[in-house]
Amino acid sequence: MTDVEVEYCVPCGFRDRALDVQRAILNALETDLDRVSLVTGDHGVFRVTVDGEAVYEKSEDDYDVDGIVRQVRERL
């Protein structure tokens, strides 16, 4: 099974975005995952990792919830 982390910047107000991503991942892949956790951060971070490997970085990719879910699915 797999662990997914959504790390988000608290000062930037990315909590709602992180919750949306977490909800979408759970809706699509809940039975295939051990954990989908939120991790607080700062300095503008918004990163999604699967078993420690980044599948989405705010600085590199456009924000697309469906795209993030597809990236997570590909890592399973």
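Going by the structure above, here's the rest.
Residues numbered from 1 in each chain as written. Predicted model: local features only at pLDDT ≥ 70, side-chain atom pairs only at ≥ 80, totals over all residues. Heavy atoms only, no water.

J.: Give me the packing of helix H1 (residues 15-29) against helix H2 (residues 65-75): which residues, what numbers.
T.: With their axes 10 Å apart at the nearest point, H1 and H2 run at an angle of 50° to one another. The angle between the axes of H1 and H2 places the two elements in the oblique class. Here H1 runs over H2; the crossing is right-handed. Taking contact as the criterion, the partners of Asp 20, Val 21, Ala 24, Ile 25, Ala 28 and Leu 29 in H1 are, on H2, Val 65, Ile 68, Val 69, Val 72 and Arg 73. Of the residues that constitute the contact of H1 with H2, the class distribution is nine nonpolar, no polar and two charged. (Axes fitted to C-alpha atoms, helices over the stretch in contact; angles between N-to-C directions. Helix = DSSP H or I, 4+ residues; strand = E, 2+ residues; numbered from the N terminus. Parallel < 35°, antiparallel > 145°, perpendicular 65-115°, else oblique. Left-handed = near helix turned anticlockwise from the far one by under 90°. Contact = heavy atoms within 4.5 Å. Nonpolar A, V, L, I, M, F, W, Y, C, P; charged D, E, K, R; others polar.)

J.: Help me get a handle on the nonpolar core, residues and values and all.
T.: Grouped together as the largest cluster of nonpolar side chains are 21 residues, with contacts concentrated most on Val 4, Val 21, Ile 25, Phe 46, Val 48 and Val 72. Counting residues per element, the ones that place at least two in this core are strand E1 (2-9), H1, strand E2 (33-41), strand E3 (46-50), strand E4 (53-57) and H2. Excluding anything up to four places from it in sequence, Ile 25 contacts Val 4, Glu 30, Leu 33, Val 36, Val 48, Val 69 and Val 72. (Core = buried A, V, L, I, M, F, W, Y, C linked by side-chain atoms within 4.5 Å. Buried < 20%, exposed > 50% of the residue type's maximum accessible area, 1.4 Å probe, protein only.)

J.: Now, about the pattern of salt bridges: what can you tell me, with residues and values included?
T.: According to the stated counting rule, one finds six salt bridges in the structure shown. Its salt-bridge partner being Glu 7, residue Arg 47 comes within 2.6 Å of it at the nearest N-O pair. Here Arg 47, found in strand E3, pairs with Glu 7, found in strand E1; they are 40 residues apart in sequence, far enough to count as distant. On the accessibility criterion, Glu 7 (22% relative accessible area) is partly exposed. Taken together, the shared-partner salt bridges connect Glu 7, Arg 47 and Glu 57 into one network. (Salt bridge = Lys/Arg side-chain N within 4 Å of Asp/Glu carboxyl O.)

J.: Would you mind going over the packing of aromatic side chains in detail, with residue names and values included?
T.: Following the criterion strictly, the structure yields three aromatic pairs and no others. Taken together, a centroid distance of 5.9 Å and an interplanar angle of 80° make the contact between Phe 46 and Tyr 56 edge-to-face. Pair noted here: Phe 46 is in strand E3 and Tyr 56 is in strand E4, with a separation of 10 residues, a long-range link. Across this residue pair, the class does not change: Phe 46 and Tyr 56 are buried. Sitting above the plane of the Phe 14 ring, Arg 17 keeps its charged end 4.9 Å from the centroid. (Phe/Tyr/Trp six-rings, centres within 6.5 Å; stacked < 30°, edge-to-face > 60°. Lys NZ or Arg CZ within 6 Å of the ring centre and 35° of its normal.)

J.: I'd like to hear about the sheet that holds E4, residue by residue, with values.
T.: Read across the open sheet, the four strands follow the order E2-E1-E3-E4; overall the sheet is mixed. Across the chains shown, the open sheet's two edge strands, defined by having one partner strand only, are E2 and E4. Strand-to-strand, the axes of this sheet are offset by a mean angle of 20°, without reference to chain direction. Across five bridges, the pairing between E1 and E3 is antiparallel. Its bridge partner being in E3, Val 6 is matched across the sheet by Val 48. Against the sheet, H1 touches E1, E2 and E3, its axis set at about 175° to E2. The strands that H2 touches are E1, E3 and E4; relative to E4, the one it contacts most, it runs at about 165°. (Pairing = 2+ DSSP bridges.)

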